[in-house]
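# Structural overview for review
What follows is each chain in one-letter form.
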Amino acid sequence: MLRAAVLISGNGTNLQALMDAVESGKLPIKICVVASNKADAYGLKRAKLANIPTFTLTHQGFLHREAYDMALLQCLERYQPDCIILAGFMRILGEQFIQRFQHRIFNIHPSLLPKYPGLHTHEKALAAKDTHHGVTVHMVTKELDAGAIIAQADVAIESDDTPVTLQQKIHALEHRLYPEVIRLYALNQLKIQDDGVFLNGKKLPVTGVKLFE
Ligand code: GRF
């Protein structure tokens, strides 16, 4: 069974969605460890409740990012993950880390990438008067939020939406989309290669597959 390490920094609702999908038998993976760069991340409690091993590695004491990344890699290797799932992990991973898990690091981002990489995506979508907002699951490369897109899902923006209501809608979408993408990967239906992302042997467009239409 595919062994996944989940990296978090905060609340961990996406982690919870993944754990729930595993628990209900919908997602055939083993979450072998949950790691955080913040000791007070609530997601650590969620993992402990589900009897999943956890560890925290804060950046304190590391002189530069590479040193942190290498220490993180070392800690993770003990659990022998096949892939890495970023679920609200608020650190950028460097080249060496990415190379070690090339084509095997996933992230979920609260916008329809390539629109709005980085933070404050709900505010940006509202300010731009977009009609739709959404979420993207993508591969992680050394450029922030810029790796190959696997899947997207969107919602309409209503005239009375605020950053808070949008965030709620986006979270609900994320909790459906992330387990589904990882399920396709675990079942070997989704393949990530140098020449693109393939779903059931078919190359996906640059915007990935649209789920839940
Ligand atoms: C999510 O919105 C995700 O898209 C972003 O960070 C947030 C994490 O939320 N990368 P949670 O900790 O899973 O609740």
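Residues numbered from 1 in each chain as written. Predicted model: local features only at pLDDT ≥ 70, side-chain atom pairs only at ≥ 80, totals over all residues. Heavy atoms only, no water.

## Overview of the overall build of the protein
In terms of helices and strands, the protein carries 6 helices and 11 strands. Its C-alpha radius of gyration of 17 Å places the protein within 12% of the 17 Å reference for a compact globule of 213 residues. For the protein, the spread of C-alpha atoms along the three principal axes comes to 50 × 40 × 35 Å. Counting over 213 residues, the protein shows a buried share of 48%. Counting contacts in the protein only where the partners sit at least 6 residues apart, residues at least 24 apart contribute 64% of the total. (Helix = DSSP H or I, 4+ residues; strand = E, 2+ residues; numbered from the N terminus. Rg over C-alpha atoms; globule rule 2.2 N^0.38 Å. Buried < 20%, exposed > 50% of the residue type's maximum accessible area, 1.4 Å probe, protein only. Contact = heavy atoms within 4.5 Å.)

## What about the site of the ligand?
Around the ligand, the surrounding shell consists of N11, G12, T13, N14, G88, I108, H109, P110, H171 and E174. Contact between the ligand and I108: a nitrogen atom at 2.9 Å from a main-chain N or O atom of the residue. Within the contact set of the ligand, an oxygen atom lies 2.3 Å away from a side-chain nitrogen or oxygen of E174. Compared with its free state, where it exposes 370 Å², the ligand has 83% of that area covered by protein. When each cavity is represented as a set of grid points, the ligand is found to reside in the largest pocket. Secondary-structure elements contributing two or more residues to the shell around the ligand are α1 (13-23), β5 (105-109) and α6 (163-186). Residues belonging to the shell around the ligand are distributed by class as follows: 2 nonpolar, 7 polar and 1 charged. (Near = heavy atom within 4 Å. Polar contact = N/O pair within 3.5 Å; in protein donor to acceptor, adjacent residues only side chain to side chain. Areas by Shrake-Rupley, 256 points an atom, 1.4 Å probe, with all protein chains shown as cover. 1 Å grid on protein atoms, 1.4 Å probe; cavity = no way out; pocket = protein on both sides within 12 Å on 5 of 7 lines; lining within 4 Å. Sits in = over half its atoms within 2 Å of the grid points. Nonpolar A, V, L, I, M, F, W, Y, C, P; charged D, E, K, R; others polar.)

## Description of the state of the cysteines
Tallied over the entire structure, the rule returns 0 disulfides. For the unlinked cysteine C32, the closest cysteine sulfur is that of C83, found at 8.1 Å. (Disulfide = S-S within 2.5 Å.)

## Digging into the sheet that holds strand β9 (residues 196-199)
Read across the sheet, 3 strands follow the order β8-β9-β10 without closing on themselves; strand pairing throughout is antiparallel. The open sheet is flanked by β8 (190-193) and β10 (202-203), the only strands paired with a single partner. (Pairing = 2+ DSSP bridges.)

## A closer look at helix α3 (residues 65-77)
Taking 1.5 Å per residue, 13 residues should reach 18 Å; α3 reaches 18 Å between its end C-alpha atoms and fits that length. For α3, the set of buried residues is Y68, D69, A71, L72, L73, C75 and L76. Each element contacted by the buried residues of α3 is listed here: β1 (2-8), β2 (29-36), β3 (54-56), β4 (83-86) and α4 (95-100). (Expected span 1.5 Å × (residues − 1).)

## Details of the environment of Q167
Relative to the helices and strands, Q167 resides in helix α6. Taking relative accessible area as the criterion, Q167 reaches 36% and is therefore assigned partly exposed. Considered as a pair, Q167 and G134 are 33 residues apart in the sequence and their alpha carbons are 9.8 Å apart.

## Considerations on the packing of aromatic side chains
Two measures describe an aromatic ring pair: the distance that separates the ring centres and the angle between the ring planes. Applying the stated rule across the entire model yields 4 aromatic pairs. Where F55 meets Y79, the ring centres are 6.2 Å apart and the plane angle is 15°; that geometry is what we call stacked. With F55 in strand β3 and Y79 in the loop between α3 and β4, the pair connects residues that are 24 residues apart, well separated along the chain. Measuring from centroid to centroid gives 5.5 Å for F62 and Y68, while their planes differ by 85°, and the two rings are edge-to-face. Its relative accessible area of 27% is what places F62 among the partly exposed residues. Relative accessible area serves as the criterion here: at 1%, Y68 is assigned to the buried category. When the ring centre of Y68 is taken as reference, the NZ or CZ atom of R91 above it lies at 3.9 Å. Positioned over the ring face of F101 is R100, at 4.3 Å from the centre of the ring. (Phe/Tyr/Trp six-rings, centres within 6.5 Å; stacked < 30°, edge-to-face > 60°. Lys NZ or Arg CZ within 6 Å of the ring centre and 35° of its normal.)

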